[in-house]
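An overview of the molecular structure
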Amino acid sequence: MRTTLSVTRVGHACQLIDIGGIRVLTDPWFTQAATYYPGEPVASTVAALGRVDAVVVSHEHYDHCDLDALVAGGFDLGTPLIGPGTVAAIARDKGFRDVRVVEAWEAATVGDLTVTAAPGKHGVHEVTFVIQAGGRAVFFGGDSLRVPELDTIPDRFGPLDLAILPVNGLCIRPLHLRQVVMDAEEAAGLTAVLKPALAVPHHYAFHSGRLGDRMITKGDRDPRHYADAVARLAPEVPVRLVLPGTPVVVP
């Protein structure tokens, strides 16, 4: 019998992935701060998450590593937290007691769950993840740029059931519009290589506020641009655009 797989986006890149009852929380973000606006409802409080078996964090930016919210919400700090060394230092400082450091192509196991870091590239050190259990495989792209090493994932891990990719092509205005996140076309090109059974975009509703959008960041907030690009570049891959809190069951 095929292992069940579902994903529910809490908001932004914060996802709750359930593989056969193993529940993995990605890149937690539950609060709002100046120049950091989710741009969409956050679908859960920390307390309402229920049991979480592992947390994976791609990098230390606040909108992906909101560990203060987890602590304030009464999250179990004995839950394994998996991420690169830059994240591990922060997690230990916040009181997390089971911190697993993984860099590119290194893996950590939690029971029947295997989390392997894949390369990433962003404004700070970042990894992406291949999350596996029960014969199922999920690629979680955090908010990375597309880097050539990601094209090797199918050869390394075999078929993917689900790919979760950032799509807003975020650019930093004070850095001469330096791009730090893959855009819709780049994400669609990676989707064509990964060939997942299902693709779900994320990291597109975020904005920096009225002033911040003019002075700090520029990004594409319409995920339909990704869906249209996938339809051209990988028409065999279905794409689901989902609101926060909507469970997506992967066949």
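Above this text you will find the structure in question.
What you see is a predicted model, and the numbers here were worked out from it, not measured in a lab.

1. Topic: the overall build of the protein
Of regular secondary structure, the protein possesses six helices and 16 strands. A compact globule built from 251 residues should have a C-alpha radius of gyration of about 18 Å, and the protein, at 17 Å, falls within 12% of that. Dimensions of the protein along its principal axes, counting C-alpha atoms only, are 45 × 40 × 30 Å. A separation of at least 24 residues holds for 62% of the contacts in the protein among residues at least 6 apart in sequence. As displayed, the protein has an accessible area near 10300 Å², and 54% of this comes from carbon and sulfur atoms. The protein carries 22 positive and 28 negative side-chain charges, and their two centres are separated by 4 Å.

2. Re the layout of surface pockets
The calculated volume of the largest pocket comes to roughly 270 Å³. Around the largest pocket, the lining comprises 18 residues; the ones closest to its centre are Tyr36, His61, Leu170, Ile172 and Thr217. Classifying every residue of the lining of the largest pocket gives seven nonpolar, eight polar and three charged.

3. Some thoughts on a nonpolar patch on the surface
Residues Leu211, Met215 and Ile216 make up a contiguous nonpolar surface patch of roughly 290 Å² in combined accessible area. Secondary-structure assignment places Leu211 in helix α5 (residues 209-215).

4. Overview of the nonpolar core
Core analysis: the biggest nonpolar cluster contains 29 residues, and Ile17, Ile82, Leu113, Phe129, Ile131, Val138 and Leu162 have the highest contact counts within it. Here the element with the most residues in this core is strand β9 (residues 127-133); it accounts for four residues. Counting residues in hydrophobic clusters, the runner-up holds 27 residues, among them Val130, Met182, Ala199 and Ala205.

5. Some details on the sheet that holds β9
The strand order β7-β8-β9-β10-β11-β14 describes an open sheet built from six strands, whose pairing is mixed. Either end of the sheet is taken by a strand with one partner, and the two such strands are β7 (107-110) and β14 (198-202). For this sheet, the mean inter-axis angle between neighbouring strands, taken without regard to orientation, is 20 degrees.

6. With respect to the state of the cysteines
Under the criterion given, the structure shown has zero disulfides. In this model Cys14 remains outside any disulfide bridge; the closest cysteine sulfur is found in Cys65, 11 Å from its own.

7. A look at the sheet that holds strand β15 (residues 217-218)
Taken in spatial order, the three strands of this open sheet run β13-β12-β15, and their pairing is antiparallel. Two strands in the sheet have a free side with no partner beyond their single neighbour: β13 (178-179) and β15. In this structure, strand β12 (residues 171-172) lies alongside β13, joined through two bridges in antiparallel fashion. Of the residues in β13, the one forming a bridge with Ile172 is Arg178.

8. Side note on helix α6 (residues 224-233)
Along α6, the residues classified as buried are Tyr226, Ala227, Ala229 and Val230. When α6 is viewed along its axis, its buried side chains cluster within an angular range of 165 degrees and face the same direction. Within α6, the exposed residues directed more than 90 degrees away from the buried face are Arg224, Ala231 and Arg232. At its buried positions, α6 is contacted by β11 (162-166), α4 (184-194) and β14.

9. Some thoughts on the side chain of Asp143
In this structure, Asp143 sits in the loop between β10 (136-140) and α3 (153-157). Buried and unpaired, Asp143 has Arg178 as its nearest opposite-charge partner, separated by 11 Å. Within polar-contact distance, the side chain of Asp143 engages the side chain of His203 at 3.3 Å. If we ignore the near neighbours within four places in the chain, the residues touching Asp143 are His59, His64, His122, Glu126, Pro166, Val180, Val181 and His203.

10. Here's the deal with the packing of aromatic side chains
Summed over the entire model, instances satisfying the criterion amount to six aromatic pairs. An angle of 45 degrees between the planes, with centres 6.4 Å apart, marks the rings of Phe75 and Phe96 as tilted. In this pair, Phe75 sits in the loop between α1 (67-72) and β5 (81-83) while Phe96 sits in the loop between α2 (85-94) and β6 (99-101), placing the two residues 21 residues apart along the sequence. Exposure class is identical for Phe75 and Phe96. Each is buried. Among the aromatic residues, ring-to-ring pairing joins Trp29, Tyr36, Tyr62 and Phe206 into one connected group.

11. Some thoughts on the environment of Asp143
A residue is classified by how much of its surface remains accessible, and Asp143, at 2% relative accessible area, is buried. The sequence separation of Asp143 and Asn168 amounts to 25 residues, and the corresponding C-alpha distance is 8.9 Å. A polar contact is formed between the side chain of Asp143 and the side chain of His59, at a distance of 3.4 Å.

12. A word on the side chain of Thr217
Along the chain, Thr217 turns up in strand β15. Excluding its chain neighbours within four sequence positions, the residues that come into contact with Thr217 are Leu170, Cys171, Ile172, Arg173, Ser208 and Gly212.

Parameters at a glance
- Residues numbered from 1 in each chain as written.
- Predicted model: local features only at pLDDT ≥ 70, side-chain atom pairs only at ≥ 80, totals over all residues.
- Heavy atoms only, no water.
- Helix = DSSP H or I, 4+ residues; strand = E, 2+ residues; numbered from the N terminus.
- Rg over C-alpha atoms; globule rule 2.2 N^0.38 Å.
- Contact = heavy atoms within 4.5 Å.
- Areas by Shrake-Rupley, 256 points an atom, 1.4 Å probe, with all protein chains shown as cover.
- Lys, Arg positive; Asp, Glu negative; His and termini not counted.
- Charge placed at Lys NZ, Arg CZ, Asp CG, Glu CD.
- 1 Å grid on protein atoms, 1.4 Å probe; cavity = no way out; pocket = protein on both sides within 12 Å on 5 of 7 lines; lining within 4 Å.
- Points joined across faces, edges and corners; volume = space filled by probe spheres on them.
- Nonpolar A, V, L, I, M, F, W, Y, C, P; charged D, E, K, R; others polar.
- Patch = residues over 30% accessible without salt bridge, like charges linked within 9 Å, V, L, I, M, F, W, Y side chains within 5 Å.
- Salt bridge = Lys/Arg side-chain N within 4 Å of Asp/Glu carboxyl O.
- Core = buried A, V, L, I, M, F, W, Y, C linked by side-chain atoms within 4.5 Å.
- Buried < 20%, exposed > 50% of the residue type's maximum accessible area, 1.4 Å probe, protein only.
- Pairing = 2+ DSSP bridges.
- Axes fitted to C-alpha atoms, helices over the stretch in contact; angles between N-to-C directions.
- Disulfide = S-S within 2.5 Å.
- Arc of directions from axis to C-beta.
- Polar contact = N/O pair within 3.5 Å; in protein donor to acceptor, adjacent residues only side chain to side chain.
- Phe/Tyr/Trp six-rings, centres within 6.5 Å; stacked < 30°, edge-to-face > 60°.

Shape descriptors only; they carry no functional weight alone.
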